[in-house]
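Structural overview for review
Spelled out, the chains give:
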Amino acid sequence: MQDILIPGAASLLALGFVAYLAMDVLKKNPGNERMVQISKLVQQGAKAFLRREYLYVSAFVFVIAALIAATPLFAPNVSLNWQTSVAFICGGMASAIAGYIGMSIATRANSRTTQGAVEGGLKGALSVAVSGGSVMGMSVVGVSLLGLCIVYVIFNGVPEIVNGYAMGASLVALFARSGGGIFTKGADMGADLVGKVEAGIPEDDPRNPAVIADNVGDNVGDVAGLGADLLESYVEAIIAAMAIAAGFGLAALSLIPLQVASVGIVASILGIIYVKATGRGNPQSALMGGLYVSAILTAIGTYFIIKHHNVAFEGHEVMGPFWATIAGVVSGVIIGFTSEYFTSSKYKPVKNLADESQSGPAITVTGGLALGMASTAIPVIVLAMALIVSHDLAGIYGVALASLGMLATTGMVVAVDSYGPIADNAGGIAEMAHLDPGVRKITDSLDSVGNTTAAIGKGFAIGSAAFAAMGLVVAYMHTVKLQAADLQDPQVLAGLIIGGMLPFFFSSMLFKAVSKAAFKMIEEVRRQFREIPGLREGKALPDSARCVDISTVGAINGMLLPGALAILAPVIVGLTLGPAALAGLLIGALITGVMLGIQMANSGGAMDNAKKYVEEGHHGGKGSDTHKATVIGDTVGDPLKDTVGPSINILIKLMAVISLVLAPLFMQ
């Protein structure tokens, strides 16, 4: 167990860096009394939502843990017991703790970022926002890797038990991502449609009752939700590689994933330091540079790890695992840049979409959907090629390492992604506190960069989800002793068809949940404008707490049914149709889920940035008919990119890890 000291030390280093970053944020000036008041409203709303969300999720966690612990009572020959339950609970707790830490600091960094813009301009605002986002990023890798090390040591690295840790992280991630996404988009759509389109008031205007709920949503959806999403991808990539390595009976192969993750933590810390040191005139260049620095350092560290272990297996070269890892890194970068190309206003696709929006909102929506569909081609081809290359280099173990190659720098990826919502909140505070317009201009420039880095982060999330799911599916098939998914087997075909349908059905439930939440929010905002005397004129304050409560209830109610579907579908198919049909279900869901995830994320991103491109002054700027068309397009795109698309990633991974953990039960 001495070899576990390296990842253990790396995780503690990450948490030490979290403490440093948190103190760096908290010592900054939070601004004037009005800014502090607004920030506290966001903090209170975010905490209230997370408290209620975690209460419901914990009920799911403990019920499932009890069922796993009770398995020996009705299936005595199955290797599921209380130990797997403990690992499962630990995985869920790790996800919840990381999300809570990251969101707590993010909601305190918002007003400090605004004040940073007042005192230090672009550099001052960027420094605070990056520190705040980095707390989420490093909490994800620090907490999850430390928890995994503890579970690994306590249970002697037994794969059937350690797999439970990934299942717990995945379950909490699904609820965090879908619940947070429903919350933020219900509030955002209500704020935009009534505020911008109907009332004709600016974005983040303090007269709009839904604005605080929208700012809360940015944190619970795009900080805590995103962190939970990539935390479970990160954990599952490590565990999938370890589970496959266990089949070869070589201890070194099981340790390599943990050590690569350790190198990724150090590289991410250095990448964050690079951003803070260089982010002066060009924030996007600094953030992208940080990603490059961390990726290159991880690649160098991985080379020495593989060379040190010097393990040849199954006829593969000693350095095969290294090149498989590099294949994952390269494919992740390509997928990220493809997302940037199709969603950034710097490039033709979004500029053309803004041009076409002069014809009305219908063209905005159809054009945005078309862009997202077109954007699936390159990532899918890249994933397919990376799969073939990594498999040729190191077998299925190479595929798992390719996934880890994408995710080793999760700390850095989450940091640059989480910084965006902080900058967005900072802009809202500048507007609501009636600060100089130049402050809002600075925060808007950071927010615009945040949209691009968020698109890259979603690209990494989708690509890594595909690889992680592939690794988990293969580990599941090895466990149930399936050599292949035979297309001549009617059970496999039935599973493929059902699995292909699930992402669509799952998406439908999330869309309906967002629509219900947005409908209630719109009705409430209209009611307040109608019934509160002087609200439109700015002489009275809105009831923001009521809007936060509407979003909270809508998110909790909306996330339960999709979550239950993800949990029950593999269990029902595995028990009724057998392990072969379940393999088909996982493959079918993977194929359609990856396409939908990419399409929705990039369609939504394109429509969002088309709106921002118009708001910069193109085609009539704010208040023009083109602007109204792009606002409507953005309200369609928001649930695509921030609720449904990211949740599909977790759906395919959660079903795969549930199948892996419960595989002994399906073999009965």
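Report follows, based on the coordinates. Everything numeric in this text was worked out from a predicted model, so none of it was measured. (Residues numbered from 1 in each chain as written. Predicted model: local features only at pLDDT ≥ 70, side-chain atom pairs only at ≥ 80, totals over all residues. Heavy atoms only, no water.)

This part is about the overall build of the protein. In terms of helices and strands, the protein carries 19 helices and zero strands. Over its C-alpha atoms the protein spans a radius of gyration of 23 Å, differing by no more than 12% from the 26 Å that the globule rule assigns to 668 residues. Summarising its shape, the C-alpha atoms of the protein cover approximately 70 × 50 × 45 Å along the three principal directions. Out of the 668 residues in the protein, the part that is buried amounts to 65%. (Helix = DSSP H or I, 4+ residues; strand = E, 2+ residues; numbered from the N terminus. Rg over C-alpha atoms; globule rule 2.2 N^0.38 Å. Buried < 20%, exposed > 50% of the residue type's maximum accessible area, 1.4 Å probe, protein only.)

Our next topic: a nonpolar patch on the surface. Taken together, Leu13, Val266, Leu270, Ile273, Tyr292, Ile296, Leu297, Ile300, Phe304 and Phe337 make up a surface patch of nonpolar side chains, about 880 Å² in accessible area. Looking at the nonpolar patch, the elements that each hand over two or more residues are α7 (251–278) and α8 (283–309). With five residues, the single largest contributor to the nonpolar patch is α8. Among the secondary structure elements, Tyr292 is positioned in helix α8. Relative accessible area serves as the criterion here: at 40%, Tyr292 is assigned to the partly exposed category. (Patch = residues over 30% accessible without salt bridge, like charges linked within 9 Å, V, L, I, M, F, W, Y side chains within 5 Å. Areas by Shrake-Rupley, 256 points an atom, 1.4 Å probe, with all protein chains shown as cover. Salt bridge = Lys/Arg side-chain N within 4 Å of Asp/Glu carboxyl O.)

Glancing now at the side chain of Lys641. With respect to the secondary-structure elements, Lys641 resides in helix α18 (residues 625–661). Polar contacts involving the side chain of Lys641 include one to the side chain of Asp608, which spans 3.3 Å. Setting aside its immediate chain neighbours within four residues, Lys641 contacts Lys458, Met600, Ala601, Gly604, Gly605, Asp608 and Pro646. (Polar contact = N/O pair within 3.5 Å; in protein donor to acceptor, adjacent residues only side chain to side chain. Contact = heavy atoms within 4.5 Å.)

Next up on the list: the pattern of salt bridges. A side chain of one charge can pair with a side chain of the opposite charge if their charged atoms are brought near each other. In total, this model carries 22 salt bridges according to the counting rule given. Of the charged contacts, one joins Lys653 and Asp229 as a salt bridge, the two residues approaching to 3.5 Å between their closest N and O atoms. Of the two residues, Lys653 is situated in helix α18 and Asp229 in helix α6 (residues 211–248); the sequence distance between them amounts to 424 residues. Linking Asp608 and Lys612 is a salt bridge whose minimum nitrogen-to-oxygen distance equals 3.1 Å. Placement of the pair is Asp608 and Lys612 together in helix α17 (residues 579–615), with a separation of four residues, close to one helical turn. Residue Asp608 shares its accessibility class with Lys612, and that shared class is buried.

This part takes up α7. In a regular helix each residue adds 1.5 Å, so 28 residues correspond to 40 Å; α7 covers 41 Å between its end C-alpha atoms and thus fits that length. Buried residues dominate α7, accounting for 20 of its 28 residues. (Expected span 1.5 Å × (residues − 1).)

In this model helix α12 (residues 377–407) runs just 22 Å from its N-terminal to its C-terminal C-alpha over 31 residues, more than 12% under the 45 Å that 1.5 Å per residue would give. In α12, a bend of some 130° at Ala394 exceeds every other bend along the element. (Bend = angle between axes of the 7 residues up to and from the residue.)

As a packed pair, helix α16 (residues 544–576) and α17 sit with axes 7 Å apart at the nearest point and diverge in direction by 150°. The crossing of α16 and α17 is right-handed. Within the contact between the two elements, α16 uses Pro570, Val573 and Gly574 and α17 uses Pro579, Ala581, Leu582 and Leu585. (Axes fitted to C-alpha atoms, helices over the stretch in contact; angles between N-to-C directions. Left-handed = near helix turned anticlockwise from the far one by under 90°.)

Take the environment of Met595 next. Turning to its location among the elements, Met595 is positioned in helix α17. Take Met595: its relative accessible area is 32%, and that puts it in the partly exposed class. As for Met595 and Met373, which are separated by 222 residues in sequence, their C-alpha atoms are 8.3 Å apart. Once you skip the residues sitting within four places of it in the chain, Met595 turns out to touch Thr376 and Val380.

Met138, Leu145, Ile238, Ile265, Tyr397 and Tyr476 are the most contacted members of the largest nonpolar core, which has 227 residues in total. With 26 residues, the single largest contributor to this core is helix α4 (residues 82–154). Here Ile238 is in contact with Leu145, Leu148, Pro257, Leu258, Ala261 and Leu404, once residues within four sequence places are set aside. (Core = buried A, V, L, I, M, F, W, Y, C linked by side-chain atoms within 4.5 Å.)

The geometry of an aromatic ring pair is captured by the separation of the ring centres together with the interplanar angle, meaning the angle of the planes. Scanning all chains against the criterion turns up eleven aromatic pairs. Their ring planes at 65° and their centres at 4.8 Å tell us that Phe322 and Trp323 sit as a pair that is edge-to-face. Both rings, one in Tyr341 and one in Phe342, keep their centres 5.3 Å apart while their planes meet at 85°; by these two values the pair is edge-to-face. The exposure class assigned to Phe342 is buried, which follows from its relative accessible area of 11%. Three or more aromatic residues joined by ring pairs make a cluster, and in this case those are Tyr303, Phe304, Phe322 and Trp323. (Phe/Tyr/Trp six-rings, centres within 6.5 Å; stacked < 30°, edge-to-face > 60°.)

Structural measurements only, silent on function.
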